[in-house]
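Residue strings, one per chain:
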Amino acid sequence: MSAILIRCDASPMLGFGHIVRCLALADELRDRHDCTVSFAVHDDPLAKAMLKEHDYPAFIKTAPTDPAWMDDALAACRAQALVLDVRDGMTREAVRAWRKRGVLIVDLDDPEDKRLEADVAFYPPVPQVQRMDWSDFSGRLFAGWEWVILRREFGLSCQTNPTRSLSREPLCLVTMGGSDPAGLTLTALRALAELPGAFTVLAVIGRGFMHHAALNNLRMPEGRFDVRENVTDMRALMKQADLAVASFGVTAYELACMGVPAVYLCLTDDHAQSASAFVKAGMAISLGRHDLATQADLKGAAASLLVDSGRRAAMSRAARQNVDGKGVSRIAQGLMERLSYGTR
């Protein structure tokens, strides 16, 4: 039985995408490969609650200046592999020391220099990967849509009803992540409320949503807008959606897997660069960093998809052809093979 430690973080300000995909990988390793999996996270009540729900032990960093807590966590769980999905300034020297001790280092979608000390690194096919300097990297790099980590349910058949947009009013899904720190749900709902035509809107807010008072004060057309909180089966809602207006992140890959054309608002320049890969592949529209996009930009992008079922269908096909939802099983299998055969 292999022991795996996963290092990631989550909070209302950081978002929950990293911990969601790490939980998906943990479930695959535990349930399909009989591994013991533990997490190392910074102290946050929602992150701890998510780990408790999935029944994973957690090593919690409560003192920001404690440099030894990761050493203690690795020793306590006797980790044979360390999965890193965090951007916290962890040093190359620390990662190198763990690797020299025989710990297999697996790095996920990492822009920091510590990626150069990993045994294996996995990335979606975003432009940042090619721009990084890999000259000092001795591990193996895998970059492509096939390495995208999604929850297990997204690995099921993602085929959707190709006539859904022709048989009823289009349904627009608004989803801005678990906490939506920038209040993009409000931005999207205001824009959609001004659009003419026959369509419905379903907005989903997560457990860390930070703008309840402002949402309650929004004036939305009666009978056309629905808001739901703490949805447990996002896949089912995505399956119903004809298009989405969303904050770029892990949700973008889930929507692609379900064949949902999307308009993306991005919290950071890095997210905007990543979203450009979706645009290039013909799967989505990106408005770039949210604070540089205007209300008119958002209204125009959403309206263009609402009225063009043919374009939505083409974007849906492109998305489903690229993202199949099986990246988590591929990565888990590769990790286990390296542990089993002692390969780096």
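Everything numeric in this text was worked out from a predicted model, so none of it was measured.

The rules behind each value
In this convention, every chain numbers its residues from 1, walking through the sequence in written order. This being a predicted model, a pLDDT of at least 70 is required before a residue's local features are given, and a value of 80 or more before pairs of side-chain atoms are given or counted; all residues contribute to the totals for chains, interfaces and linings. Hydrogens and water are ignored here; the side-chain numbers use all heavy atoms of the structure. Definition used for salt bridges: Asp or Glu carboxyl oxygen within 4 Å of a side-chain nitrogen of Lys or Arg. Here a helix means four or more residues in a row that DSSP labels H or I, a strand means two or more in a row labelled E, and each is numbered from the N terminus. Each residue is assigned to one of three classes by its accessible area relative to the maximum for its type, calculated with a 1.4 Å probe on protein chains only: buried under 20%, partly exposed between the two thresholds, exposed over 50%. The criterion for an aromatic pair is that two Phe, Tyr or Trp rings (for Trp, the six-membered ring) have centres within 6.5 Å, with stacked assigned to planes under 30 degrees apart, edge-to-face to planes over 60 apart and tilted to the rest. In this scheme, the term charge over a ring applies when either NZ of a lysine or CZ of an arginine sits within 6 Å of the ring centre and within 35 degrees of the ring normal. We define a nonpolar core as any set of buried Ala, Val, Leu, Ile, Met, Phe, Trp, Tyr and Cys residues linked to one another through side-chain atoms lying within 4.5 Å. Throughout, a contact is declared for two residues whenever any of their heavy atoms are within 4.5 Å.

Chemist: I would appreciate a short explanation of the pattern of salt bridges in the present structure.
Modeler: A side chain with one charge can pair with a side chain of the opposite charge if their charged atoms come near. Scanning the entire structure with this criterion turns up 27 salt bridges. Its salt-bridge partner being arginine 21, residue aspartate 85 comes within 2.7 Å of it at the nearest N-O pair. Placement of the pair is aspartate 85 in strand S4 (residues 81-85) and arginine 21 in helix H1 (residues 17-33), with a sequence separation of 64 residues. A relative accessible area of 2% places aspartate 85 in the buried class. Across the pair arginine 289 and aspartate 291 runs a salt bridge, and its minimum N-O distance is 2.7 Å. Classification of aspartate 291 by relative accessible area gives partly exposed; the value is 47%. A cluster of three or more residues bridged by salt bridges with shared partners is formed by Asp27, Glu28, Arg30, Asp31, Arg32 and Arg152.

Chemist: Just to check I follow, could you spell out the packing of aromatic side chains for this structure?
Modeler: For any pair of aromatic rings, geometry is given as the distance between the ring centres together with the angle between the planes. Taken as a whole and assessed by the stated rule, the structure comprises 13 aromatic pairs. Ring centres of phenylalanine 248 and tyrosine 264 lie 5.7 Å apart, and the angle between their planes is 85 degrees; on these two criteria the pair is classed as edge-to-face. Here tyrosine 264 lies in strand S12 (residues 262-266) and phenylalanine 248 lies in the loop between strand S11 (243-247) and helix H10 (250-257), a separation of 16 residues in the sequence. With respect to burial, phenylalanine 248 and tyrosine 264 carry one shared label: buried. Where tyrosine 264 meets phenylalanine 278, the ring centres are 5.9 Å apart and the plane angle is 70 degrees; that geometry is what we call edge-to-face. Taken together, the residues tyrosine 264 in strand S12 and phenylalanine 278 in helix H11 (residues 269-280) connect sequence positions 14 residues apart. Like tyrosine 264, the residue phenylalanine 278 is buried in the burial classification. Members of the aromatic cluster, joined through ring pairs, are Trp145, Phe248, Tyr253, Tyr264 and Phe278. The cationic tip of arginine 115 hangs over the ring face of tryptophan 134; the distance from NZ or CZ to the ring centre is 4.6 Å. Over the aromatic face of phenylalanine 199 sits the side chain of arginine 224, whose NZ or CZ is 4.0 Å from the ring centroid.

Chemist: Would you mind going over the nonpolar core with me for this structure?
Modeler: Most often, soluble globular proteins keep nonpolar side chains buried together rather than apart. Core analysis: the biggest nonpolar cluster contains 59 residues, and Leu5, Leu82, Trp98, Leu173, Leu255, Tyr264 and Phe278 have the highest contact counts within it. For this core, the leading source of residues is H10, giving 6 residues. Not counting residues within four places of it along the chain, the set of residues in contact with leucine 82 comprises Leu5, Arg7, Met70, Leu74, Trp98, Val103, Leu104, Ile105 and Val106.

Chemist: Even after reading the chapter, I still don't get the side chain of aspartate 110, so can you show me in this structure?
Modeler: Looking at where aspartate 110 falls in the secondary structure, it is placed in the loop between strand S5 (104-108) and strand S6 (120-123). Classification of aspartate 110 by relative accessible area gives buried; the value is 1%. Leave out the neighbours within four places in its chain, and aspartate 110 touches Val86, Arg115, Tyr123 and Met132.

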